[in-house]
Amino acid sequence: MRPILLHGHTRSLTKVKYNRDGDLLFTVSKDAKPNVWFAHNGERLGSYDGHNGAVWDLDVSYDSKRLLTASADNTCRLWGVESGKELFRWNTRTAVRQVAFAQGDRMALYVTDATMGQPSTIWVVAIEEDLENQSDEFERKIIINGPKATVASWGDLNKTIYTGHEDGTITIWDAETGEKIKSVKSHDSVISDMQWAPDYGYFITASKDHTAKIFDAKTLRVMKTYTTQRPVNSAALSPIRPHIALGGGQEAMEVTQIGGAKQGKFETRFFHLPFEEEIGRVKGHFGPINTLAFAPDGRSFASGAEDGFVRIHYFDDDYFEFNYEEESLTA
Amino acid sequence: MPSVQEQEHRGDHHEEDDELLDIDFSDIEERYRVDMPTGYETVVVVDNTPKVGEEKKDRLLNAIKKIFKDIGDIKTIHMPMDSATGQSKGYIFIEFETVEQATQAVKLGNGHKLDRAHVFAVNRFDDIEKYTSTNDEYVEPAEVPFVEKEHLKSWLADPRARDQWVMMKGDEVSIYWNNKSEQPDLDHSRSNWSDMYVSWSPKGTYLATFHKQGIALWGGPTWSKINRFAHPNVKLIDFSPNEKYITTWSHEPFLTADGEHHRLAIWDIVTGRQLRTFAIDAAVAAGPEGKQKIDWPMFKWSYDDKYVARLAPGMISVYETPGMGLLDKKSIKVDDVQAFAWSPSEHILSYWTPESGNIPARVSLMRLPSREVLRTKNLFNVIDCKLFWQQSGDYLLVTVKRAKSKKATTTNFEIFRLREKDVPVDVMEVDSVLEVTNIYWEPLGSRFALLAMEGTKIVCNFYQMVPAAAPAAAKGKKAGPSVGDVALGVKLLKSFDAKGTNQIIWSPKGRFCLLAGVRAFQGEIQFWDVEELVMMGSGEHYMCTDVDWDPTGRYVTSSVSWWRVQTDTGFIMWTFTGQQLAKQAVPAFKQLLWRPRPPTLLSEEEQKQVKKNLKEYSKQFDEEDAAQTKAVTREVLERRIKLWNEWAEYRNRVHADYEAAADVRANIWGFDPDAKQDSLPEESLEEWVEEVVEETEEIVE
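Since the model is a prediction, treat every value here as computed from it, not as a measurement.

Calculation criteria
Residues numbered from 1 in each chain as written. Chains lettered and ligands numbered in written order. Predicted model: local features only at pLDDT ≥ 70, side-chain atom pairs only at ≥ 80, totals over all residues. Heavy atoms only, no water. Helix = DSSP H or I, 4+ residues; strand = E, 2+ residues; numbered from the N terminus. Buried < 20%, exposed > 50% of the residue type's maximum accessible area, 1.4 Å probe, protein only. Contact = heavy atoms within 4.5 Å. Rg over C-alpha atoms; globule rule 2.2 N^0.38 Å. Phe/Tyr/Trp six-rings, centres within 6.5 Å; stacked < 30°, edge-to-face > 60°. Lys NZ or Arg CZ within 6 Å of the ring centre and 35° of its normal. Core = buried A, V, L, I, M, F, W, Y, C linked by side-chain atoms within 4.5 Å. Pairing = 2+ DSSP bridges. Patch = residues over 30% accessible without salt bridge, like charges linked within 9 Å, V, L, I, M, F, W, Y side chains within 5 Å. Areas by Shrake-Rupley, 256 points an atom, 1.4 Å probe, with all protein chains shown as cover. Salt bridge = Lys/Arg side-chain N within 4 Å of Asp/Glu carboxyl O. UniProt positions renumbered as here; feature names shortened; annotations may be inferred. Domains from an automatic or database assignment. Polar contact = N/O pair within 3.5 Å; in protein donor to acceptor, adjacent residues only side chain to side chain. Axes fitted to C-alpha atoms, helices over the stretch in contact; angles between N-to-C directions. 1 Å grid on protein atoms, 1.4 Å probe; cavity = no way out; pocket = protein on both sides within 12 Å on 5 of 7 lines; lining within 4 Å. Points joined across faces, edges and corners; volume = space filled by probe spheres on them. Nonpolar A, V, L, I, M, F, W, Y, C, P; charged D, E, K, R; others polar. Buried area = accessible area lost by both parts, 1.4 Å probe.

Asks: Mind laying out the overall build of chain B, listing which residues take part and the relevant values?
Replies: A tally of helices and strands in chain B yields 10 helices and 43 strands. Considering chain B as a whole, with its 701 residues, one finds that 42% of them fall into the buried category. Put simply, of all contacts in chain B between residues at least 6 apart along the chain, 49% involve residues at least 24 apart.

In structure tokens:
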């Protein structure tokens, strides 16, 4: 099927994310203007105006009413999804890299960058139902000594926080005490993405070391490894099929004029999850893919790239018909 | 042959990690050990001098000084006297200024006849001690127990007659069995096996690895060490065609026993003996234009390893193996000789000399050891010649570049027919718009390919040598619209635009060839059948650096080496028709080399028989292949089933954990977030689509 191209950003995409119902797609980029789109036809619903710098991350609440954005303008902001109005703002000393609602949407975390003498820090804040009571005080602050955190998210039941770091380590923190529970270094380079399985048993990471890996959430044991020839910027788990999608490509600055898109390999690559075998590729972007997301129903996916485009691809019927014989053979 | 710079480049990336591969060179080092200076190395001892009294001492010393006067200044001279008899003791010490002078004094003075009774014995002072300490008693050498060596050609006995290749990836060197499109089988693998690159001997018997201390050769079923040649920092090697000898080269000179600085050594492979070393100063090695690239191989072997020849200014020096002495004790004097080449099947040397004064440029053929000149051909206005021998030595093609006007040049071919009486020469003009890049002879055939530039366009031509009798016949039926008739005896088969090509690689069995654009080009490969003159297939291996045939001419590998390109290294395996069999991305891939095969032992008659009965054989092979594929498929299937079951089991466990915490979760949310959503009211989406049905324009007054 023809992809839907979303033109709306003037700079490279940093994150795309569906709401829980899958009817809306939220996108943020380095152009300071988060957008929301109808996922089924790519029509833009609106934008969230106010940031003064690149927006690095976003999260949307379970009920699709509130949106959190993390920006390089030293703010983390809460928006009304429908109104497009800024509801609240946390001012920080450095750029905000990551943001995530906790389960229940009554808490959130954001991560500030290690620059200007500030350490990389995880801030846990309460989110009030009634904005009158909303405070800019933090509930908890976890200072990360060592390589800075590049990705962060909540573990199941808000008991833990998982961070991925610049040097390829993954750390589990106790969300209540702020203590480090476990840390492993299974990647050789920056971890650029971390996405959870729906039941929080495992998650997938993408790394500049050209691989994506699936980790068991409890033990941080590497369950699967997917190797490519280019840095991987994003990795997503299909909610309905045993497949994963990887996006990445040669760093824009390293791509030569002659080689172009061919050499850069700006493709979304699909792998069979248990077999670790490649099953397909989707081309189209002419810059590295920075972010990928499966629609919650698993029938489409969105990709955002360095070229400033977001593409929504609906799978053809034969994608759903495709099956390894072995999947039905049980010994 | 790779250039020297890149090999140095290769060498740079290795860490000094010698302990992993402990090659013991100590015994060789012992054999070629250079003694540390003792302080007496400039002193020689002259024995068997007349015993004289004090009165004759000065006369004798003067006579001796006279003998050695040409060598250099004598620093001191001392004649010990026997105090009991008042006579001299019959020997004299002479100290020279330099070691070289002392060496020369030994050469010159030893055996000098002063008179009938006194024949001098001159030795280095340091040696005297060595000789006197030698035990005079004969000690029978201990018998070395016979150790059976491994069969060096064992790989040829593979039941499926598969070929091998060696692959270098990072610091790891591995030898694989080729399995067509299936995964190759690993035969042997070692880390840090070579400090630079690896190389096969021409018949595939030995694998050569490079080390700081020298070269090591490996082979046999267990890849044990066969021999090693101590040559510090060796950079280049060259095997003789029959794997009897090996030439090694290092940029850094080593010190010989005679105290000279040498860079090149020739060795006997089986015994490991160093046959001869050569100084070769760096300026000569660097080539006439002062380029850093040295002309390698510097010593060219005759087809049967009997002679090895080298170009020197104004002469060709031919050495005879194994003694490595000059053939007939003198070099072949050829004034201003520019280049030479051996016939690949006979003891015939070809060489050319440029114009000088009234003498025209000349291409000559000389038979050895008789030094009889078989044929010369005079040429005029020559700028440059290049010599291309056909592999079986039937033809020698010389490309002659001439000045047409001040700027333009033209090229023509002079083709020597070695198999015919008096060696007739066909002359063929090449279209003057073409600038010839290279010539490629078909191995075991009479065709050749030409790659040329026409402006910026790349042109490829295929030619066929016509047997001597044929041209006349061809001339008779001129009516046909043949593309030939370029010259008598050479027929142009096809000429076409070969965009993106900079190399032609013939199949080792002839008939098929590849047109490839490698290194500076994009990596396009065309697969040609020159018999039918059709392109059978084409492919692309982006940024590909090397393209090679397997020794049987059935497979082709194209590869991207990390030495030249640092992204997407790896290789692609193709069939000879251009069908892609397998693509492998190998990080830090450096080198893939097919193991050469020795020539077949079947007679021509037997080969014909095989060809005739090919159908029967191929049936059997097809069955074997099918069985192999089936086995592989089953293996893959079993692996997948195992993975699938393991994953399903893991998923269930994880999901059970999640379900178990359902209450806690509901507490956090205030509801069950995983409840099925059908309780929610049905949402209907309305979409407005506007469509212009008709558009009319009216002007309203």
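Moving on from the coordinates now.
Asks: Before we move on, could you go through the overall build of chain A and cite the residues and values that matter?
Replies: A count of helices and strands for chain A gives two helices and 28 strands. Computed over its C-alpha atoms, the radius of gyration of chain A comes to 19 Å, within 12% of the 20 Å expected for a compact globule of 331 residues. In terms of overall dimensions, chain A has a C-alpha envelope of 55 × 40 × 40 Å along the principal axes. Across the 331 residues in chain A, those meeting the buried criterion constitute 60%.

Asks: Account for the packing of aromatic side chains, with residues named and values stated.
Replies: Taken as a whole, this structure holds 58 aromatic pairs over all chains when the rule is applied. Measuring from centroid to centroid gives 4.6 Å for Phe278 of chain B and Phe299 of chain B, while their planes differ by 45°, and the two rings are tilted. Here the residue Phe278 of chain B occupies a position in strand E17 (residues 274-278), and Phe299 of chain B occupies one in strand E18 (residues 299-301), the gap between them amounting to 21 residues. Look at Trp441 of chain B and Phe448 of chain B: their rings are 5.1 Å apart centre to centre, the planes differ by 55°, and that puts the pair in the tilted class. Each member of the pair, Trp441 of chain B as well as Phe448 of chain B, is classed as buried. In this arrangement the basic side chain of Arg44 of chain A is found over the ring face of Trp37 of chain A, its NZ or CZ atom lying 5.9 Å from the centre. The ring of Tyr658 of chain B has Arg665 of chain B sitting right over it, with the charged end atom 3.5 Å from the ring centre.

Asks: Describe the nonpolar core, listing the residues and the values that go with them.
Replies: Generally speaking, a soluble globular protein has its nonpolar side chains buried in company with each other. Formed by 44 residues in total, the largest nonpolar core has its most connected members in Ile215, Leu217, Ile246, Leu264, Ile266 and Phe299 of chain B. Look past the residues within four positions of Ile215 of chain B in its chain and what remains in contact with it is Phe25, Ala208, Thr209, Phe210, Asn227, Arg228, Phe229, Val234, Ile237, Ile246 and Thr248 of chain B.

Asks: Can you tell me about the environment of Asp295 of chain B, naming the residues and giving the values?
Replies: Take Asp295 of chain B: it is sitting in the loop between helix H6 (282-285) and E18. Taking the C-alpha atoms as reference points, Asp295 of chain B and Val693 of chain B, separated by 398 residues in sequence, lie 79 Å from one another.

Asks: Help me get a handle on the pairing of strand E37 (residues 524-529) of chain B, residues and values and all.
Replies: Residues and elements named next belong to chain B. Counting buried positions over the six residues of E37 gives five, a clear majority of the element. Bridge analysis of strand E36 (residues 512-516) against E37 gives five bridges, and the strand direction is antiparallel. Residue pairing across strands places Cys513 opposite Trp528, the latter belonging to E37. Two strands pair when backbone bridges link them, and E37 and strand E38 (residues 534-540) are joined in this way by six bridges, in the antiparallel orientation. By the bridge assignment, Trp528 is partnered in E38 with Met535.

Asks: With reference to specific residues and values, describe the pairing of strand E21 (residues 222-227) of chain A.
Replies: All names here are of chain A. Pairing geometry for strand E20 (residues 211-216) and E21, over five bridges, is antiparallel. Looking at the pairing, Thr211 lines up with Thr227 of E21. In this antiparallel pair of consecutive strands, E20 and E21, the connection spans five residues, and Leu220 shows a positive phi of 60°.

Asks: Describe in detail a nonpolar patch on the surface, supporting the description with residues and values.
Replies: Residues and elements named next belong to chain B. On the surface, Leu602, Val610, Leu614, Tyr617 and Phe621 cluster together into a nonpolar patch covering about 420 Å² of accessible area. It is helix H9 (residues 614-660) that contributes the most residues to the nonpolar patch, three residues altogether. One can find Leu614 in helix H9.

Asks: So, the UniProt feature "domain: RRM" (unreviewed entry) in chain B: which residues are in play, and what are the values?
Replies: UniProt records the feature "domain: RRM" (unreviewed entry) for residues 42-127 of chain B in the present numbering. Its end C-alpha atoms 12 Å apart, residues 42-127 of chain B is made of 33% helix and 28% strand.

Asks: Pulling in residues and values, what's your account of the domain arrangement of chain B?
Replies: Domains assigned within chain B are domain 1 (43-132) and domain 2 (614-658). Once you take the C-alpha centre of each, domain 1 of chain B and domain 2 of chain B turn out to be 86 Å apart.

Asks: Just give me the short version of the side chain of Ser61 of chain A, but keep the residues and values in it.
Replies: Residues and elements named next belong to chain A. Within the element layout of this structure, Ser61 appears in the loop between strand E6 (55-60) and strand E7 (66-71). With relative accessibility at 4%, the residue Ser61 sits in the buried group. Here Lys65 takes part through its backbone nitrogen, which lies 3.3 Å from a polar atom of the side chain of Ser61. In this view, Ser61 contacts Arg66, Phe101 and Asp105; residues no more than four positions away in its chain are not counted.

Asks: Help me get a handle on the sheet that holds strand E15 (residues 160-165) of chain A, residues and values and all.
Replies: Residue and element names in this part refer to chain A. Pairing is antiparallel in the open sheet, where four strands are placed in the order E14-E15-E16-E17. Looking along the sheet, the strands with just one partner apiece sit at the ends: strand E14 (149-154) and strand E17 (180-185). Along the sheet, successive strands turn relative to each other by an average axial angle of 15°, direction set aside. Bridge count for strand E16 (residues 169-174) against E17 is five bridges, and the pairing is antiparallel. Bridging across to E17, Ile170 finds its partner in Val184.

Asks: Would you mind going over empty space enclosed by the protein in detail, with residue names and values included?
Replies: All names here are of chain A. Evaluation of the coordinates by the stated rule reveals two cavities of 30 Å³ or more. The computed volume of the largest cavity comes to approximately 90 Å³. Lining the largest cavity are Thr228, Arg230, Pro231, Val232, Leu246, Gly247, Gly248, Gly249, Lys265, Glu267 and Arg269. Sort the elements by how many residues they give to the lining of the largest cavity and strand E23 (residues 243-248) lands first, with three residues. Its residues assigned to classes, the lining of the largest cavity shows three nonpolar, four polar and four charged.

Asks: Residue-level account of the sheet that holds strand E5 (residues 44-47) of chain A, with values.
Replies: Residue and element names in this part refer to chain A. Spatially, four strands are ordered E2-E3-E4-E5 in an open sheet, and the strand pairing comes out antiparallel. Two strands close off the open sheet at either side, each with one partner strand: strand E2 (13-18) and E5. Mean inter-strand twist for the sheet, computed between neighbouring axes without regard to direction, equals 20°. As defined by bridge partners, strand E4 (residues 35-38) adjoins E5 across three bridges and the pair is classed as antiparallel. Bridging across to E5, Val36 finds its partner in Gly46.

Asks: Which residues make up the UniProt feature "repeat: WD" (unreviewed entry) in chain A, and what are the values?
Replies: All names here are of chain A. Under the UniProt annotation, the feature "repeat: WD" (unreviewed entry) is placed at residues 6-47, 48-89, 161-183, 184-225 and 282-312. A distance of 13 Å separates the end C-alpha atoms of residues 48-89, which is 0% helix and 52% strand. The span residues 282-312 is 0% helix and 52% strand, and its two end C-alpha atoms sit 11 Å from each other.

Asks: Residues and numbers for the interface of chain B and chain A, please.
Replies: Interface size is commonly expressed as the accessible area that is lost once the parts come together. Every contact between the two is made by 32 residues of chain B and, on the other side, 42 residues of chain A. Interface of chain B and chain A: buried area, both sides summed, is about 3,400 Å²; carbon and sulfur atoms make up 55% of it. Between the two partners, chain B and chain A, sit six salt bridges. Of the charged contacts in the structure, one is a salt bridge between Arg640 of chain B and Glu277 of chain A, with a shortest N-O distance of 2.8 Å. Remark: the boundary between chain B and chain A carries 12 residue pairs in polar contact (both at pLDDT 80 or more). Breaking the side of chain B that touches chain A down by element, the ones donating at least two residues are H9 and helix H10 (662-669) of chain B. The leading source of residues in the side of chain B that touches chain A is H9 of chain B, at 14 residues.

Asks: For the side chain of Gln164 of chain B, give the residues involved together with the corresponding values.
Replies: Mapped onto the fold, Gln164 of chain B is located in strand E7 (residues 164-169). Those residues within four positions of Gln164 of chain B in sequence are excluded, and the remaining contacts are Trp155, Ile175, Tyr176, Trp177, Asp187, Trp223, Leu593, Trp594 and Arg595 of chain B.

Asks: Got a sec to walk through unusual backbone geometry? Specific residues and values, please.
Replies: Residue and element names in this part refer to chain B. Between Thr321 and Pro322 the backbone carries a cis peptide bond, its omega angle lying at -5°. Tracing the sequence through the fold places Pro322 in the loop between strand E20 (315-320) and strand E21 (325-326). In this chain, Leu368 is followed by Pro369 through a cis amide linkage whose omega measures 0°. As for its position among the elements, Pro369 is in the loop between strand E25 (361-367) and strand E26 (372-379). One non-glycine residue with positive phi stands out, namely Asn233, at about 55°. Mapped onto the fold, Asn233 is located in the loop between strand E13 (224-230) and strand E14 (236-239).

Asks: Account for the pattern of salt bridges, naming residues and giving values.
Replies: According to the stated counting rule, one finds 38 salt bridges over all chains in the structure shown. Here Arg97 of chain A and Asp113 of chain A are joined by a salt bridge, their closest N and O atoms 2.9 Å apart. One end of the pair, Arg97 of chain A, is in strand E10 (residues 96-101); the other, Asp113 of chain A, is in the loop between strand E11 (107-112) and strand E12 (120-126), with 16 residues separating them in the sequence. With relative accessibility at 23%, the residue Arg97 of chain A sits in the partly exposed group. Under the relative-accessibility criterion, Asp113 of chain A is labelled buried at 4%. For Arg367 of chain B, the salt bridge identified is with Glu346 of chain B, shortest N-O distance 3.7 Å. With a gap of 21 residues between them, Arg367 of chain B in strand E25 and Glu346 of chain B in the loop between strand E23 (339-342) and strand E24 (348-353) connect regions that are remote in the sequence. What makes Arg367 of chain B partly exposed here is its relative accessible area of 30%.

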